[in-house]
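Residue-level structure breakdown
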Amino acid sequence: MKSLLLSALGLVILKPALAQDATETKNPLTVSGYAEAYYNYDFNRPLNNTAPGFLYNFNRTGEVNLNLGFIKANYSADRVRGNLALAAGSYINANYAAEPGVLKNVFEANVGVKIAKNANLWIDAGIMPSHIGFESAIGKDNWALTRSLVAENTPYFESGVKLGFTSKDEKLYLSAMYLNGWQRIQRVDGNTTPAFGTQVTYKSASSVTLNYSTFMGNDKPDSVRAMRYHHNFYGIFQFTEKFGVTAGFDYGTEQKAKGSSAYNNWFVPVLIARYSPSPKVNIAARGEYFQDKNGVIIVTGTENGFKTFGVSANIDYAVFPGVLWRLEARNLSSKDRIFLERADGGTSGGISQKDNFFLTTSISVAF
């Protein structure tokens, strides 16, 4: 009996020490995953079951499909970090179409080294999420189900080298990048022009985030070089626990021809408001406008170019932890007739409309 009492006392004494040791030796390698299936109904009923070419998420219509699914390994130590994620889905087919071979399925692949002992200063290299915009490819992280027009037509990913600094209070983040191009893993053939990016993010409080990102570079062969300059501004304001607003504005210019001093330009304002009546339910509404008269980003071949308003409303319900169901109604309205509609009898018919209405639903799981 005496030996049993001594053994029990020893376990009581050792248990806190063992728990502390387990915390300190946390495994630096973690594995996570994400998958989002969807159904998108386009009321114009396109003959090829594909949404307009400037939409890259949920772009298959009239069918159940996978937008994005990936498995990710993350390594995080004091001075070294890395990520590797392999992915599939209609998002991958649409956004990685220009990439060769197995690069089409690389969602993220990068390694980082902390280069300062007493400062949070890192160099990261490889394939990384884009530094432009407040929306990512991972649906659950966005307030709206579908992506805004500006998110769809600016980079979701980029490849290159990034120098990033975070202040000790984590309120300020600064970075500068050397990039292979505008949403490129592999540089365009015949292009020897580097591209550059910058980002400044300031969090004045837990409820306010302000961001300014830039891109500068040529995304064409040197023979037709045209410098592009893009500015991305946004602010996220969480006014109360239940209500928040995100406001963004993008402005870009590109040379009309190699060596020209004349530029084409485009601009995109967007506003999203979200209300959360309960921890499991979110309701969001979005208004946006995209003007690209000269077709730098979105080519229409029409008199006024791409001048399109968009409105949408969605509701989200967290079914279980890590499982999210979403439903969205969206309408796009253009100045010119740029949306094709299927004619009676099942042919394209050459019928074009100024409006396009969508109903989209999705369910995602994250682990």
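Just above, that's the structure.
Keep in mind it's a predicted model, so treat the numbers as computed, not measured.

With that settled, consider unusual backbone geometry. Even without a glycine there, the phi angle at Phe58 is positive, about 50°. Within the secondary structure layout, Phe58 lies in the loop between strand E1 (29-42) and strand E2 (64-76). Backbone geometry places Gln183, a non-glycine residue, at a positive phi of 50°. Considering the arrangement of structural elements, one finds Gln183 in the loop between strand E7 (172-179) and strand E8 (195-205). Judged by its relative accessible area of 16%, Gln183 falls in the buried class.

Positionally, Ile283 belongs in strand E13 (residues 281-292). Classification of Ile283 by relative accessible area gives partly exposed; the value is 39%. For the pair Ile283 and Leu55, spaced 228 residues apart in sequence, the C-alpha to C-alpha distance is 22 Å. With sequence-adjacent residues up to four places away left out, Ile283 is seen in contact with Ala273, Arg274, Tyr275, Pro277, Asn314 and Ile315.

A separate point is the pairing of strand E3 (residues 80-88). Where E2 lies against E3, eight bridges are found, and the strand directions are antiparallel. Considered in E3, the bridge of Lys72 is made with Ala85. Between E2 and E3, which pair antiparallel one after the other, the connecting turn spans three residues. Sheet topology places E3 next to strand E4 (residues 106-114); seven bridges connect them, and they run antiparallel. Bridge pairing in E4 links Leu84 to Ala109.

In this structure, Phe54, Leu55, Leu149, Phe290, Ile297, Ile298 and Leu332 are the most contacted members of the largest nonpolar core, which totals 18 residues. At the level of secondary structure, the elements contributing two or more residues to this core comprise helix H3 (149-152) and strand E12 (263-278). With four residues, E12 is the single largest residue contributor to this core. Here Phe54 is in contact with Leu149, Glu152, Asn153, Ile298, Phe306, Leu332, Ile338 and Phe339, once residues within four sequence places are set aside. One finds Tyr91, Tyr96, Ala151 and Tyr156 within the second-largest nonpolar core, a separate group that totals 17 residues.

Further remarks concern a nonpolar patch on the surface. Among the surface-exposed residues, Leu29, Tyr75, Val80, Val111, Val113, Ile115, Ile123, Val161, Leu163, Tyr178, Phe196 and Met216 lie close enough to one another that they form a single nonpolar patch of about 970 Å² accessible area. Those elements giving two or more residues to the nonpolar patch turn out to be E4 and strand E6 (157-166). By secondary structure assignment, the location of Val161 is in strand E6. Owing to a relative accessible area of 39%, Val161 belongs among the partly exposed residues under this scheme.

Per the counting criterion, the structure on display carries 11 salt bridges. Note that Arg228 and Glu254 form a salt bridge whose closest N and O atoms lie 2.7 Å from each other. Highlighted residues: Arg228 in strand E10 (residues 227-238) and Glu254 in strand E11 (residues 243-255), separated in sequence by 26 residues. For the pair Arg228 and Glu254, one class covers both residues: buried. The partner of Asp316 in a salt bridge is Arg326, and the shortest N-O contact between them spans 2.9 Å. Residue Asp316 is located in strand E14 (residues 306-320), and its partner Arg326 is located in strand E15 (residues 323-334); the two are separated by 10 residues in the primary sequence. For the pair Asp316 and Arg326, a shared accessibility class is recorded, and that class is buried. Through salt bridges that share partners, Lys220, Arg228 and Glu254 make up one connected network.

Basis of the calculations
- Residues numbered from 1 in each chain as written.
- Predicted model: local features only at pLDDT ≥ 70, side-chain atom pairs only at ≥ 80, totals over all residues.
- Heavy atoms only, no water.
- Helix = DSSP H or I, 4+ residues; strand = E, 2+ residues; numbered from the N terminus.
- Buried < 20%, exposed > 50% of the residue type's maximum accessible area, 1.4 Å probe, protein only.
- Contact = heavy atoms within 4.5 Å.
- Pairing = 2+ DSSP bridges.
- Core = buried A, V, L, I, M, F, W, Y, C linked by side-chain atoms within 4.5 Å.
- Patch = residues over 30% accessible without salt bridge, like charges linked within 9 Å, V, L, I, M, F, W, Y side chains within 5 Å.
- Areas by Shrake-Rupley, 256 points an atom, 1.4 Å probe, with all protein chains shown as cover.
- Salt bridge = Lys/Arg side-chain N within 4 Å of Asp/Glu carboxyl O.

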